[in-house]
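Structure at a glance
In case you want the letters, here they are:
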Amino acid sequence: MLELLPNSEQVESAARNIADLISAHAEWFITQSNGNTEAVRRHELDLAVSHRRLILSSWTEKGIRSWNIAAWEWHGNKLLLQTSRRMGGERPLLELIPRASAGAVAATVRAARQSRCDRLARLAASLPAGAKVERVGLSPGVRRGQPGRYARIILRLRHERIAVTATVAATCKSDIDSFLSAALIWFTHAGERARPPYIQRLWLVLESTVVKSVMDRIALLRDGLRNAISVYEIDDDWQQLVEVPIPERGEVFKKRLARFPPVSEPATSDCARALMAHSPEAIDLVHARHGETLRYFGLPFARVRHLLGVDRVWFGIEGASRRMLDAGAEHAWTNLLQELREHRSAAASDHRHALSRTAAESWLESLLRRDITRLDPGLIIAPLHAQFRTARGGPVGVRPVDLLALRRDGRLVVIELKVSEDRQHVLQGGDYWRRVEAHRRRGHIARAKLFGEMKIREESPLVYLVAPTLRFHPSFQTMARTIAPDIELYRFDINEDWRAGVRVMRRMRVN
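The structure contained in this document is the topic of the report that follows. This structure is a prediction, so every number in the text was calculated from the model and none was measured. Residue positions are given per chain, counting from 1 as you read along its sequence in written order. Only residues with pLDDT of at least 70 are given local features in this predicted model, and only at 80 or more are side-chain atom pairs given and counted; all residues enter the totals for whole chains, interfaces and linings. Note that the side-chain values use all heavy atoms of the structure and ignore hydrogens as well as water.

Read across the sheet, six strands follow the order β20-β21-β22-β23-β24-β25 without closing on themselves; strand pairing throughout is mixed. A single partner strand is all that each edge strand has here, and the edge strands are β20 (385–388) and β25 (504–509). Strand-to-strand twist of the sheet, defined as the mean angle between neighbouring strand axes without regard to direction, takes the value 25°. Only heavy atoms matter for contacts: two residues are in contact if any of them lie within 4.5 Å across the pair. A fitted line through C-alpha atoms represents every axis, and for helices the fit uses only the stretch in contact; the resulting angles, taken between N-to-C directions, go from 0 to 180 degrees. Helix numbering and strand numbering both begin at the N terminus, where a helix is a DSSP run of H or I of at least 4 residues and a strand a DSSP run of E of at least 2. Running over the sheet, helix α11 (residues 425–442) touches β21 (401–406), β22 (412–417), β23 (462–468) and β24 (489–494) and is turned about 150° from β22. In this description, strands pair whenever DSSP reports at least two bridges between them.

Given below as structure tokens:
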């Protein structure tokens, strides 16, 4: 049973015990409740007590992640941590498994997922008359030796084959783009390799919680592909499949949406200006609901809040060791700025340092926020909306648009940034297009004056998919061809050394 941490004594005791467990094993696998798994070494895990909270931080190639630990339990072969992130907006359950026992755990997980595959195959084969199960298996895992998360089933009929796929691991809405991308790539490649009878249909088997999200994305696909897809909802016990009609794209845009409130430029406090003056070429400011966040090339390192008529400053990376800036913290503040100047720079000598590699997409975003015309001279420099949420006050899990810009000709532009290979790149850009287009059609963006008095054209937004030249996923073009041609997708290849300055190496329409 998980042990709660209601007071300082239990927090300190848990910190000592968990630290001893972590140091006892050289490498760990961290698995979140959504199924995502990462391998980390023990020196990449940091445990700290801050403001009577126990905080676990993990340094990976994708950056730093921190969790507030609310309860913990050691099972003998795995460490369970009940955590929270984003001010309680996410409450993932973490499993930390020592690498030595990871093989046994992986075998158990694989057997359980394969059992689900077999059950789904029998269920799917009972729907079309005369169908036989030709192949059942799991998709490849993220790493060698790990079980895949998706069922791969081929049904054989007299004149055709049907591809069937579903998630056989824990499902959440944030994994929809990954699932659908994997399904479309598998369907495309399987259809190319198969002998007659050909694979002409794709069945997506979904749990009720994600049906709506998948439908919204299927509406973005080209007609031929959309007509080949059927969606089935499976019950909680995996005993029954019910087909769900796929709506036309026009029906997706008929859904009710909340309007944006009018946008006004918030005032910047004198305290924030003074802090930005330390490195004006690197530090930018993001206004939040309860204060101002200062970022050094996209990496949050300080926060200003107005409390009881006085501006207070807290500093530190990702909250793991955040402290108030006062007379006794001047030395620590100076050291932090020095480390940021040394390691978070294009001229840094060690590009594998945590401060250099973390929050890389935010670094690229911060460079483009300063001058978006480096990407496209036709874009207006300001206003430019970074991390733009299309659902004000909506769920924290709804990803914001990286950048929402406006061209001089009045055309909206949705910009999605990546700095590493990501097969979800195309679908994420398409989903952002759908959300922005829904608000544009209703006039919400114009009425909210997101771009001041500038007139917005009565045309759907453009989508700019941006990444360094060698960092586009190998399946990028395959995924781009799945999107309907009236959604204008453009690929922007930028220079690999973009930290020293963004240059566009190639621009092309991809669908």
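Alright, that's what it looks like, and here's the rest.
Here the nonpolar core consists of buried residues drawn from Ala, Val, Leu, Ile, Met, Phe, Trp, Tyr and Cys, with membership extended through side-chain atoms lying within 4.5 Å. Classification of residues uses two cut-offs on accessible area relative to the type maximum, computed with a 1.4 Å probe and protein chains only: under 20% is buried, over 50% is exposed, and between them is partly exposed. By size, the foremost hydrophobic cluster in this structure holds 48 residues, and its most contacted members are Phe301, Leu375, Ile415 and Tyr464. Among the elements that make up this core, the one with the highest residue count is helix α10 (residues 360–370) (five residues). For isoleucine 415, the residues in contact, after removing those within four places along its chain, are Ile372, Leu375, Leu379, Val401, Asp402, Leu403, Ala405, Tyr464 and Val466. In terms of nonpolar packing, the next biggest core, distinct from the first, is built from 45 residues, Leu206, Ala228, Ile483 and Leu489 among them.

Because each turn of an α-helix spans 3.6 residues, side chains separated by three or four positions in sequence point in the same direction. For helix α8 (residues 330–343), spanning 14 residues, the distance from its first C-alpha to its last is 20 Å, which sits close to the expected 20 Å at 1.5 Å a residue. Burial in α8 covers these residues: Trp333, Leu336, Leu337, Leu340 and His343. Buried residues of α8 fall within an arc of 155° about the axis and therefore sit on the same side. Where α8 is buried, its residues touch α7 (270–276), β16 (291–296), β17 (299–307), β18 (310–315) and α9 (354–357). Helix span, expected: 1.5 Å multiplied by one less than the number of residues in the helix. The arc in question is formed by the directions pointing from the helix axis toward the C-beta atoms.

Attention now goes to the pattern of salt bridges. A side-chain nitrogen of Lys or Arg and a carboxyl oxygen of Asp or Glu constitute a salt bridge if their distance falls within 4 Å. For the coordinates displayed, the defined rule picks out 38 salt bridges. Here aspartate 216 ties to arginine 434 by a salt bridge, and the two come within 3.7 Å at their closest N and O atoms. Separated by 218 residues along the polypeptide, aspartate 216 in helix α4 (residues 211–218) and arginine 434 in helix α11 bring together distant segments of the chain. This pair shows no difference in class: aspartate 216 is buried, exactly as arginine 434 is. A salt bridge links arginine 273 to aspartate 270; its shortest N-O distance comes to 3.0 Å. Of this pair, arginine 273 and aspartate 270 both sit in helix α7, three residues apart, which is roughly one turn of that helix. Given a relative accessible area of 62%, aspartate 270 falls into the exposed group.

Another aspect to go through is the sheet that holds strand β15 (residues 283–288). Ordered by their spatial adjacency, five strands build an open sheet running β15-β16-β17-β18-β19, and the pairing between neighbours is antiparallel. What marks the edges here is a single partner per strand, and that holds for β15 and β19 (323–324). As judged from the two bridges shared by β18 and β19, these two strands associate in the antiparallel manner. In the strand pairing of β19, tryptophan 314 is matched with methionine 324. Against the sheet, α8 touches β16, β17, β18 and β19, its axis set at about 145° to β17. Of the strands in this sheet, β15 and β16 are in contact with α10, which crosses β15 at around 95°.

Right, let's talk about the environment of proline 196 for a bit. Position of proline 196 relative to the elements: it lies in the loop between α3 (176–193) and β12 (199–207). Accessibility expressed as a relative area gives 56% for proline 196, which makes it exposed. Counting along the chain gives 35 residues from proline 196 to arginine 161, while the straight-line C-alpha distance between them is 8.5 Å.

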